[in-house]
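Per-entry structural report
What follows is the residue order along each chain.
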Amino acid sequence: QVQLVESGGGLVQAGGSLRLSCVASGTIFTINAMGWYRQAPGKQRELVATITSGGSTNYADSVKSRFTISRDSAKNTVYLEMNSLKPDDTAAYYCNEKLRVALYSPDFSYWGQGTQVTVSS
């Protein structure tokens, strides 16, 4: 069984910074893509950033140059460094990892429980 646990959310003033972490635990053979998504009240969940096993990254236009995604594969952990935060960044942030639990098993997508980020103006 695989579990993803996020941490690092909180309340911050506009212009401030936060660092989110997401640790995967359980029976894990390999983790391929890792990513962060967010969902604001009344809105659909949207992609924030992703990173592949090779280190290639992809960002939503709204966070480019402000957010940085990184991973520590040895620790099964993905990070999201968020700078110059804006009130529009307020949302629940979810990590997502596509991984396999054994050599010949298919990739499955797992989600964390979410961590709230609130940016005050």
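Values in this document were obtained by computation on a predicted structure and should not be read as measured data.

1. Some remarks on the state of the cysteines
Applying the stated criterion across every chain, the model contains 1 disulfide. Paired by a disulfide, C22 and C95 hold their sulfur atoms 1.9 Å apart. Of the two residues, C22 sits in strand 3 (residues 18-26) while C95 sits in strand 9 (residues 91-100), which places them 73 residues apart along the sequence. Among the residues examined, C22 registers a relative accessible area of 0% and is labelled buried.

2. Description of the environment of T90
Here T90 is to be found in the loop between strand 8 (77-82) and strand 9. Counting along the chain gives 86 residues from T90 to L4, while the straight-line C-alpha distance between them is 21 Å. In contact with T90, not counting residues within four places along its chain, are A40, Q116, V117, T118 and V119. Here V119 takes part through its backbone nitrogen, which lies 2.9 Å from a polar atom of the side chain of T90.

Rules used in this analysis
Residues numbered from 1 in each chain as written. Predicted model: local features only at pLDDT ≥ 70, side-chain atom pairs only at ≥ 80, totals over all residues. Heavy atoms only, no water. Disulfide = S-S within 2.5 Å. Helix = DSSP H or I, 4+ residues; strand = E, 2+ residues; numbered from the N terminus. Buried < 20%, exposed > 50% of the residue type's maximum accessible area, 1.4 Å probe, protein only. Contact = heavy atoms within 4.5 Å. Polar contact = N/O pair within 3.5 Å; in protein donor to acceptor, adjacent residues only side chain to side chain.

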